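Structural characterization, general
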Amino acid sequence: FHILQAMLLLCRWEAVMDSAAIEAIRSYFLEGVQARGNTENHWLMYYAGLLLACERFAAAEFAWNGLPPAALAAEAKRWILGTIARTARLGHHEYDSTGYHIEHMVAYIGLYEHSYDETLRAQCAKMLSILVADMALEYFNGAWAGGHSR
């Protein structure tokens with residue numbers, strides 16, 4: 001699960017980070033083997049981190065799978081936008097689990113704040129509004145109420 005956190009760290013703090021730390025993150029993406037995981041929140045964190053890495057390291061070669069950053073970014077953007085569209089049509093996919101809203105929100109906030117893609121940023125802002133509205137509708141006397149499961 002380090003893919004999103006590593007890129008958010010770099011995006012937010014690169015200007016004050018030690019060059020060795022920046023190189024460690026760059027190497028992690030370019031040479032390490034990345035895995036999506038097996039649930040939607042894993043996939044979202046994977047694709048969000050991957051997209052940010054592809055934008056930052058656009059001229060580099062991602063040795064772990066041989067695809068150019070543009071191809072990886074296109075796959076990530078397609079999946080992220082598809083998930084947003086599906087959620088807007090059908091609802092949240094992690095079965096409205098209280099424990100998993102944050103994983104989705106952090107990924108969308110990170111993309112909104114750091115992606116170079118204005119269309120993606122706009123869709124992430126809308127998705128965050130959907131998630132917050134969904135949470136707000138389920139509060140009762142100050143507590144997050146209702147049936148929540150995974």
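Before any of the text, the structure's been laid out above.
Notes on the structure in this doc start here. In this text, all values refer to a predicted model and were calculated from it rather than measured experimentally. (Residues numbered from 1 in each chain as written. Predicted model: local features only at pLDDT ≥ 70, side-chain atom pairs only at ≥ 80, totals over all residues. Heavy atoms only, no water.)

1. Comments concerning the overall build of the protein chain
Applicable threshold: Runs of E in the DSSP output that reach at least two residues are strands. Runs of H or I that reach at least four are helices, and both are numbered from the N terminus. Put simply, the radius of gyration uses C-alpha atoms, and a globule should come to 2.2 Å times the residue count raised to 0.38. For every residue, the accessible area obtained with a 1.4 Å probe (protein chains only) is divided by the maximum for its type, and the residue is called buried under 20%, exposed over 50%, and partly exposed between those limits. Whether two residues are in contact is decided by their heavy atoms, any of which lying within 4.5 Å being enough. Computed by Shrake-Rupley with a 1.4 Å probe, the accessible areas treat only the displayed protein chains as cover when residues are assessed. In this tally Asp and Glu are treated as negative and Lys and Arg as positive; neither His nor the chain ends contributes. The atoms used to mark charge sites are NZ of Lys, CZ of Arg, CG of Asp and CD of Glu.
Across its full length, the protein chain carries 6 helices and 2 strands. The helix and strand sequence of the protein chain, counted from the amino end, reads α-α-α-α-α-α-β-β. The C-alpha radius of gyration computed for the protein chain amounts to 16 Å, which stays within 12% of the reference 15 Å derived for 150 residues, consistent with globular compactness. Dimensions along the principal axes, computed over C-alpha positions, put the protein chain at roughly 50 × 30 × 30 Å. Here the protein chain, with 150 residues, has 42% of them falling under the buried criterion. Restricting to contacts in the protein chain with at least 6 residues of sequence separation, those with at least 24 account for 67%. Roughly 8000 Å² of accessible area belongs to the protein chain as shown, and the carbon and sulfur atoms make up 59% of that amount. The distance from the centre of the 11 positive side-chain charges to the centre of the 16 negative ones in the protein chain is 6 Å.

2. Some details on the packing of helix α3 (residues 40-56) against helix α5 (residues 101-114)
Condition: Interaxial angles span 0 to 180 degrees and are taken between N-to-C directions of axes, which are lines fitted to C-alpha atoms, for helices over the stretch in contact. What sets the label is the angle itself: under 35 degrees gives roughly parallel, over 145 gives roughly antiparallel, 65 to 115 gives roughly perpendicular, and the rest give oblique. Each crossing is labelled by how the near helix is turned from the far one, with a counterclockwise turn of less than a right angle marking it left-handed and a clockwise turn marking it right-handed.
Taken N-terminus to C-terminus, the directions of α3 and α5 make an angle of 15°; their axes are 9 Å apart at the nearest point. Here α3 lies roughly parallel to α5, going by the angle between them. When the axes of α3 and α5 are compared, the crossing they make is left-handed. For the pair α3 and α5, the contacting residues are E40, N41, L44, M45, A48, L51, L52, E55 and R56 in the first and E103, H104, A107, Y108, G110, L111 and H114 in the second.

3. Some words on the packing of α5 against helix α6 (residues 118-137)
Which entries qualify depends on this criterion: Only Asp, Glu, Lys and Arg are considered charged in this grouping, and only Ala, Val, Leu, Ile, Met, Phe, Trp, Tyr, Cys and Pro are considered nonpolar; every other residue, Gly among them, is considered polar.
Two numbers describe how α5 lies on α6: the axes approach to 8 Å, and their chain directions differ by 150°. By the angle class used here, α5 and α6 are roughly antiparallel. The hand of the α5/α6 crossing is left-handed. Residues H101, H104, M105, Y108, I109, L111, Y112 and E113 of α5 lie in contact with α6, whose contacting residues are L120, R121, C124, A125, M127, L128, L131, V132, D134 and M135. Its residues assigned to classes, the contact of α5 with α6 comprises 13 nonpolar, 2 polar and 3 charged.

4. Describing the pattern of salt bridges
Where we set the bar: In the sections that follow, a salt bridge refers to a side-chain nitrogen of Lys or Arg positioned within 4 Å of a carboxyl oxygen of Asp or Glu.
Scanning all chains against the criterion turns up 5 salt bridges. E118 is the partner of R121 in a salt bridge, and the nearest nitrogen-oxygen pair spans 3.3 Å. Of the two residues, R121 and E118 both sit in helix α6, 3 residues apart, roughly one turn of that helix. R121 gets classed as partly exposed once you look at its relative accessible area, which sits at 22%. On the basis of relative accessible area, E118 is assigned to the exposed category, the value being 54%.

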